[in-house]
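Each chain, letter by letter, is given below.
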Amino acid sequence: MNLYLHRRKTFKIFFFLIFFVFFLSKAFAQTPVSGKVLDQNGKPVPGVAVITKDSSAGATTAEDGSFYFESEATPPITIIIGSVPGFDGQEIVYTGPETNLNITLKSNAATVPPDTTAAVTDEVNVTARRRKENPQEIPIAVSVVSGNAVTESGAFNVNRVKELVPTVQLYSSNPRNTTLNIRGMGSTFGLTNDGIDPGVGFYIDGVYYARPAATALDFIDVEQIEVLRGPQGTLFGKNTTAGAFNITTRKPSFKFGSNLEVSYGNYGFIQAKSSITGPLIKDKLAVRVSFSGTQRDGNIYNVATLQYVNDINNIGGRAQLLFTPTSKINILLIGDVTRQRPNGYAQVFAGVVPTQRAAYRQFEAIIDTLGYELPSRNPFDRKIDHNTTWKSNNDLGGVSLNIDAKIGSGTLTSTSAWRYWLWDPSNDRDFTGLEVLRRSEGTSKHQNWSQEIRYAGKISERFSGVIGVFAIGQDLQSNPVQIEESGSAQWAFSRNSLSANWKTPGLLDGYGIKTTNRIQSLSAAAFANVDWEIIKKLHIQPGIRYNYDVKEVSYDRQTYGGLQTNNPALIAIKNSVYSNQSYATKKDNTNLSGQLTVAYKASKRFNTYATYSTNYKPIGVNIAGLPTNAGAPMLELATVKPEYVQHFEVGVKTKPSSRSTVNVTFFNTDIKDYQTQVQSAELGVNRGYLANAERARVYGFELDANIRLSNYFAFYGAGAYIDGRYVKFTNAPLPLEETGASVSFKDISGGKLPGISDWSGSVGGEATTGEKKFLAQQGKFFIAFDTYYRSKFSSSPSPSKYLNVGGYALLNSRIGFRATDGVSIT
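Residues numbered from 1 in each chain as written. Predicted model: local features only at pLDDT ≥ 70, side-chain atom pairs only at ≥ 80, totals over all residues. Heavy atoms only, no water.

Enquirer: Can you lay out the nonpolar core for me, pointing to particular residues and giving the numbers?
Expert: In terms of nonpolar packing, the biggest core is built from 46 residues, with Leu180, Phe202, Phe219, Ile225 and Phe245 touching the most fellow members. Those residues within four positions of phenylalanine 245 in sequence are excluded, and the remaining contacts are Val158, Val161, Val168, Leu180, Val200, Gly201, Phe202, Tyr203, Ile225, Glu226 and Val227. Listed in part, the 20 residues of the second largest apolar core include Phe349, Ile366, Ile513 and Tyr578. (Core = buried A, V, L, I, M, F, W, Y, C linked by side-chain atoms within 4.5 Å. Buried < 20%, exposed > 50% of the residue type's maximum accessible area, 1.4 Å probe, protein only. Contact = heavy atoms within 4.5 Å.)

Right under this line is the structure:
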């Protein structure tokens, strides 16, 4: 109860700060500028830029032609209305806030479209190729989710965004044990081994986030999320063999502004976000400060402690300073910090599987021997009896400095960053009320620095591209020691014979291991990508990348506790459960990869491309204990070969009308030395170990479409078919039901890769009204929905008839009022 009250008190203070910042912003009044842009028939013209002549204030007209912004200047203000297809631009003088402008554009007869209400589709720009471009015109499979879509759909972290982009998969049992994949590729499925690199690059404002725990962050001030599918090694600093999440946040503004968002839900859910921005020095220095907090009560009941667990308790902040010494130089300094203190991540009992172990080693026989019964055998009862306190302290943060300098027809960019991650957990690793694995604390401390320098832009009328260098140094280690400890019931689960020695009182009670480990790594690369228009509408885009990776690992595990004895038979039993193990190794690798894309832009509405690319996922190292042979660690498993990826993709991007897009992508990826996570029956192999499957293959197709039927109705749809299999994996771990067989490994060539559904898709839409008034505010009422579906998939590295997740669908719907400026309610 004290903890609960403390958290609520903390959140009240947080709320006070948010409201204080929000209302403080209202004290600095600006000149409001509002109105509508219409054609000569009185119909609205969306997508028109309306800006002030002498400052950066401005807006783009909405679907009904309306616009609103605030200016630092006092009337009269000269306003520029930009040109759009069919209309010329113009200038007007705004005389004061009491004037609601109705601006009629002058048509250009040579290009005026027949129906101006359908002249402009909702368009976005992406920076996937390190310059602003229309996603329909670039030869990359990319999905774009706007910040507004993220906010309104309630997708406050990556786990929710995956429901909007069906080829994204995220699996997480806690922030450390997280897998982010695109098209089923990227990271190994299962418990995380810190010695591997993600295959999906995760970037926020150009900074690479090295640890998968970053996907647990609550979004703050998201402007746009770009999900790039397929290898992108010639465009991004860090290797991205499967794709990239490229998140852009809202930047400081030289006009004052603020926003506040508060959400309530069941299970005591409450979330608050706020940001404030404005100038510190006019036209030179601007600031943005943002806060976010999320809390939710637990949804699993612990019958032993009489508490609900698996709650959410997150708080984070972000501060940005933008300095523009000249019109050609932008310097952006960003600092962020996130603190997560949930009581989780517990798991409920799902079922029992018979194995090939002896009868006395089957689960039902074991718990009968111990006189134990589960609190419930129905996972949907959501009941547990865990007897170890859960702790999942997750801290992330860092600082970055980004400098953009316009040189010639391009931009020279330098991005410097330092980041940290602290993971302080305590788990009940046997997930029961028994004293089996009563203590599991895999603490980690990580920090990294990174530096990227690149130049992107036009070289000539026919040449454009990007060239850059990148380096990242990482240091990940136990903090200061990782602990795993057995309890009094361990003997019943570990025994491999009916010898009475296993029942020796106190033999394994308190027997455990303390581990110190460390990985120091350095990755460096040079990369380039060029877009060359050979003849009109025909482009070739070659790219090249040179990688250097080195990793140095040290691992030391020492046993402690249990019954102190000189009896060789009892010592042998203890060593079969946990044993001392130490090793150190260093491995480096260099490789050259690249891509070649041919693109043909038949018209503004039809774009095709074909891409062949190769890429490497860096070498891996095992740092959670190795399997043993005759009691000695199998050092040949300490390092893992780099993955070699060969990828082919064909895409067609179309715009059947000015209000619709339809895109289709076909892809095939062959992987040599596929890095996969395998499990060992030995307790000393704490989190599985890495190994290479000889070959794997993933192929399929994607379809996505958007259509705006009118100014009031819009729909989207996306779907994918993916087939992922081991082409050759002759030394795979046994599936669950074959545990205890006379062999330790199995040939699973032809088996399905874990985590991949054959079919997945999302469909959504929104209907809005015309301009209405509600609570004395101008705005629109709306109703919207998103659906997400995926077919069944395997959750085991080796296909098992038991470890499959059935297909499922999700529905997310909402209704509300969206104010032009002011308070919106959903």
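Having seen it, we continue.
Enquirer: Would you mind going over unusual backbone geometry in detail, with residue names and values included?
Expert: Each neighbour pair has its own omega, and for glycine 344 with tyrosine 345 the value is 20°, a cis peptide bond. By the secondary structure assignment, tyrosine 345 is in the loop between strand 23 (329–340) and helix 4 (363–370). The omega torsion across asparagine 479 and proline 480 is -15°, close enough to zero to call that bond cis. Take proline 480: it is sitting in the loop between strand 29 (463–477) and strand 30 (482–486). A positive phi angle, close to 60°, is found at leucine 306, a residue other than glycine. For leucine 306, the location among the structural elements is in the loop between strand 20 (300–302) and strand 21 (307–309). At leucine 775, a residue that is not glycine, the phi angle is positive and equals roughly 55°. Topologically, leucine 775 is positioned in the loop between strand 46 (772–774) and strand 47 (777–790). (Helix = DSSP H or I, 4+ residues; strand = E, 2+ residues; numbered from the N terminus.)

Enquirer: Go over a nonpolar patch on the surface, please, and point to the residues and values.
Expert: The grouping of Leu280, Ile281, Leu321, Leu333 and Leu401 at the surface amounts to a nonpolar patch, some 420 Å² of accessible area in total. Positionally, leucine 280 belongs in strand 18 (residues 270–281). On the accessibility criterion, leucine 280 (54% relative accessible area) is exposed. (Patch = residues over 30% accessible without salt bridge, like charges linked within 9 Å, V, L, I, M, F, W, Y side chains within 5 Å. Areas by Shrake-Rupley, 256 points an atom, 1.4 Å probe, with all protein chains shown as cover. Salt bridge = Lys/Arg side-chain N within 4 Å of Asp/Glu carboxyl O.)

Enquirer: Lay out a positive patch on the surface with the relevant residues and their values.
Expert: Together, Lys641, Lys672, Arg695 and Lys728 make up a region of like positive charge exposed at the surface. Mapped onto the secondary structure, arginine 695 falls in strand 41 (residues 689–708). Of the residues examined, arginine 695 reaches a relative accessible area of 40% and is grouped as partly exposed. (Lys, Arg positive; Asp, Glu negative; His and termini not counted. Charge placed at Lys NZ, Arg CZ, Asp CG, Glu CD.)

Enquirer: Please give an account of the sheet that holds strand 5 (residues 77–81) that cites residues and values.
Expert: Pairing in this open sheet of four strands is antiparallel, and the strands run 3-2-5-7 from one edge to the other. The sheet terminates laterally at strand 3 (58–60) and strand 7 (90–94), the two strands that pair on one side only. Going across the sheet, the axis of each strand differs from the next one's by a mean of 20°, ignoring polarity. In the sheet, strand 2 (residues 49–52) pairs with strand 3 via three bridges, with the strands oriented antiparallel. Paired with alanine 49 across the bridge in strand 3 is threonine 60. (Pairing = 2+ DSSP bridges. Axes fitted to C-alpha atoms, helices over the stretch in contact; angles between N-to-C directions.)

Enquirer: Go over the pairing of strand 41, please, and point to the residues and values.
Expert: Summarising the sheet, strand 41 and strand 42 (residues 713–728) pair through 14 bridges and their orientation is antiparallel. Counterpart to aspartate 704 in the pairing with strand 42 is alanine 718. Here strand 41 folds back onto strand 42 in antiparallel fashion, the turn holding four residues.

Enquirer: Any chance you could break down the sheet that holds strand 24 (residues 383–384) for me, citing the residues and the numbers?
Expert: Pairing in this open sheet of three strands is mixed, and the strands run 21-20-24 from one edge to the other. A single partner strand is all that each edge strand has here, and the edge strands are strand 21 and strand 24. Bridge count between strand 20 and strand 21: three bridges; the pairing is antiparallel. Looking at strand 21, one finds that isoleucine 300 is bridged to valine 309.

Enquirer: Just give me the short version of the environment of isoleucine 748, but keep the residues and values in it.
Expert: Residue position: isoleucine 748 is located in the loop between strand 44 (745–746) and strand 45 (759–768). On the accessibility criterion, isoleucine 748 (8% relative accessible area) is buried. Here the alpha-carbon distance between isoleucine 748 and lysine 728, two residues 20 residues apart in the chain, equals 7.4 Å. Ignoring any residue separated from it by four or fewer positions in sequence, one finds isoleucine 748 in contact with Tyr726, Phe729, Ala732, Pro797, Ser798 and Pro799.

Enquirer: Which residues make up the environment of glycine 700, and what are the values?
Expert: Summarising the element assignment, glycine 700 is placed in strand 41. Once the C-alpha coordinates of glycine 700 and alanine 720 are considered, the two residues, 20 residues apart in sequence, prove to be 7.3 Å apart. Other than its neighbours up to four places away in sequence, glycine 700 contacts Thr665, Phe666, Phe667, Tyr721 and Ile722.

Enquirer: Any details on the pattern of salt bridges? Residues and values, ideally.
Expert: This structure, assessed with the given rule, holds 30 salt bridges. Here arginine 183 and glutamate 702 are joined by a salt bridge, their closest N and O atoms 2.8 Å apart. Within this pair, whereas arginine 183 is found in the loop between strand 12 (178–182) and strand 13 (200–204), its partner glutamate 702 is found in strand 41, the two being separated by 519 residues in sequence. For the pair shown, arginine 183 and glutamate 702 are each scored as buried.

Enquirer: How would you explain the confidence of the model for the protein chain if you had to name every residue and give the values?
Expert: Averaged over all residues, the pLDDT of the protein chain equals 86, while 89% of them reach at least 70. Counting interchain partners and residues more than four positions distant, the pLDDT-below-50 stretch residues 24–29 has five contacts. (pLDDT = per-residue confidence, 0-100.)

Enquirer: Give me the packing of aromatic side chains: which residues, what numbers.
Expert: One pass over the full model with this rule turns up 24 aromatic pairs. Between tyrosine 171 and phenylalanine 793 the ring centres are 5.7 Å apart and the planes differ by 45°, which places this aromatic pair in the tilted class. Of this pair, tyrosine 171 sits in strand 11 (residues 168–172) while phenylalanine 793 sits in strand 48 (residues 793–794), and the two are 622 residues apart along the sequence. For the pair formed by tyrosine 171 and phenylalanine 793, the shared burial category is buried. Residues tyrosine 203 and phenylalanine 236 carry aromatic rings whose centres are separated by 4.9 Å and whose planes lie at 45° to one another, so their mutual orientation is tilted. With tyrosine 203 in strand 13 and phenylalanine 236 in the loop between strand 15 (222–229) and strand 16 (243–249), this residue pair connects regions lying 33 residues apart in the sequence. Across this residue pair, the class does not change: tyrosine 203 and phenylalanine 236 are buried. Ring-pair connections join several aromatic residues into one group, and the members of that group are Phe666, Phe701, Tyr721 and Trp759. Over the aromatic face of tyrosine 560 sits the side chain of lysine 514, whose NZ or CZ is 5.0 Å from the ring centroid. The ring of phenylalanine 782 has arginine 818 sitting right over it, with the charged end atom 4.2 Å from the ring centre. (Phe/Tyr/Trp six-rings, centres within 6.5 Å; stacked < 30°, edge-to-face > 60°. Lys NZ or Arg CZ within 6 Å of the ring centre and 35° of its normal.)

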